Amino acid sequence: RVTVEGCINGLPFKVTRIKTASKGSLAFNLDNEDLTRQSIKDTQAIIDERLGISTQILARTIFHGQHAINGLLEATDANLKDELSLLVPLSLWKDAASFARKSHRSHSRRMSELDG
């Protein structure tokens with residue numbers, strides 16, 4: 001039995017997955033409402049929809065979180081971007097990088113002015 005609890009957008013959620021030798025089950029509660037469906041597949045679809053995740057993203061998050069991160073650190077730029085684009089839209093990374101470069105230039109200019 002594994003239970004994950006948390007909050008998303010201020011709403012509490014709870015996901016419980018049970019696996020035995022002969023059967024399994026999946027339960028999902030969001031904002032104290034039981035959204036569990038008749039089948040595991042249908043319940044997983046509701047989880048994906050309501051939490052805005054997919055099993056592909058969840059598997060990568062767990063994998064990268066539990067194992068050596070060297071795979072990402074040693075990845076080529078293209079491979080790293082491919083992996084990260086599954087979690088966050090690439091446009092967000094580009095915007096963040098652009099902002100960081102502009103901020104760095106601005107601060108560097110200001111430091112130069114102060115050093116005189």
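Look a little higher up for the structure.
Bear in mind that the values here come from a model prediction, so they are computed numbers and not experimental data.

Engineer: Honestly, the environment of Gly10 in this entry has me stumped. Any pointers?
Structural biologist: Inspection of the secondary structure assignment puts Gly10 in the loop between β1 (2-8) and β2 (11-19). Using a relative accessible area of 64% as the deciding quantity, one classes Gly10 as exposed.

Engineer: For this particular structure, what's the right way to read the pairing of β2?
Structural biologist: On any regular strand, side chains alternate: one points to one face of the sheet, the next to the other face. Note that β1 and β2 share 7 bridges and pair antiparallel. Considered in β2, the bridge of Gly6 is made with Phe13. Connecting β1 to the next strand, β2, in antiparallel fashion are 2 residues, including Asn9 with a positive phi near 55°. Here β2 pairs with strand β3 (residues 24-30) via 7 bridges, running antiparallel.

Engineer: Would you mind going over the sheet that holds β2 with me for this structure?
Structural biologist: Pairing is antiparallel in the open sheet, where 4 strands are placed in the order β1-β2-β3-β4. On the outer flanks of this sheet lie β1 and β4 (33-34), each paired with one strand and no other. Direction of pairing for β3 relative to β4: antiparallel, over a ladder of 2 bridges. Of the residues in β4, the one forming a bridge with Asn29 is Asp34. Docked against the sheet, helix α1 (residues 40-51) engages β1, β2 and β3, running at close to 30° with respect to β3.

Rules of the game
Residues numbered from 1 in each chain as written. Predicted model: local features only at pLDDT ≥ 70, side-chain atom pairs only at ≥ 80, totals over all residues. Heavy atoms only, no water. Helix = DSSP H or I, 4+ residues; strand = E, 2+ residues; numbered from the N terminus. Buried < 20%, exposed > 50% of the residue type's maximum accessible area, 1.4 Å probe, protein only. Pairing = 2+ DSSP bridges. Contact = heavy atoms within 4.5 Å. Axes fitted to C-alpha atoms, helices over the stretch in contact; angles between N-to-C directions.

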